[in-house]
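# Structural overview for review
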Amino acid sequence: MKRIAVYPGSFDPVTNGHLDIIKRASGIFDELIVAVFNNPNKTPTFSMEERVALMEKVAGEVPGVRIDAFSGLLNEYAVKKNARNIVRGLRALSDFEKEFQQALMYKKLNPDLEIMFLMTSQDYGFLSSSLVKEIASLGGCIDGLVPEPVKEFLIEFYKNKDQRN
Ligand code: ADP
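Predicted, not measured: the structure shown is a model, and the values here were computed from it.

### Looking at the site of the ligand
Around the ligand, the surrounding shell holds 20 residues, and the nearest of these are Tyr-7, Ser-10, Lys-42, Gly-89 and Tyr-124. One of the side-chain nitrogen or oxygen atoms of Tyr-7 is found 2.7 Å away from an oxygen atom of the ligand. A distance of 3.0 Å separates a nitrogen atom of the ligand from a polar backbone atom of Leu-127. If the ligand stood free it would expose 550 Å²; the protein chains cover 95% of that surface. Judged by the proximity of its atoms to the pocket grid, the ligand belongs to the largest pocket. For the shell around the ligand, the secondary structure elements donating two or more residues are strand 1 (4-9), helix 1 (16-26), strand 4 (85-90) and helix 4 (93-109). When its residues are assigned to classes, the shell around the ligand shows seven nonpolar, seven polar and six charged.

Quick notes on the rules
Residues numbered from 1 in each chain as written. Predicted model: local features only at pLDDT ≥ 70, side-chain atom pairs only at ≥ 80, totals over all residues. Heavy atoms only, no water. Near = heavy atom within 4 Å. Polar contact = N/O pair within 3.5 Å; in protein donor to acceptor, adjacent residues only side chain to side chain. Areas by Shrake-Rupley, 256 points an atom, 1.4 Å probe, with all protein chains shown as cover. 1 Å grid on protein atoms, 1.4 Å probe; cavity = no way out; pocket = protein on both sides within 12 Å on 5 of 7 lines; lining within 4 Å. Sits in = over half its atoms within 2 Å of the grid points. Helix = DSSP H or I, 4+ residues; strand = E, 2+ residues; numbered from the N terminus. Nonpolar A, V, L, I, M, F, W, Y, C, P; charged D, E, K, R; others polar.

Structural data, given as structure tokens:
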């Protein structure tokens, strides 16, 4: 049986921390569906189309990886995709409580699902999409934090935003 996993996230935008998790998880499963989703608790900076397009550019060529978009209940989405596993990344202790609560809830909703956590790599433990956006919006250097196409996109986005202000 094909081992399919879903890696869900806002990816607003995708960072090198996300990409690291994608590459490592893709080596574990036959198919990894990177699912860009609309988190009802977050207001994204970038549209679903922009987030998916950036993800396609930076992770579309990773073997075994497929990019998708979804909204709604993650456990139902996973079942629809025949995925038995959900992958999440863990950075600091601060991620743990929220992820732990969510994982228990998904397990309750669907006991067949296994939620798996990959620990961040040493270089990316401090890295988040919001931090990258903050630095980029202030004209700071984001080299090494995001893949090149994301860097170009962010520089362009904040340049245009500055011109409008
Ligand atoms: P969400 O809105 O689901 O939290 P994010 O795009 O912020 O979406 O994160 C998606 C997943 O990637 C989460 O499991 C998050 O913990 C993980 N993640 C985010 N940044 C990193 C990083 N630097 N290293 C490892 N995992 C990360």
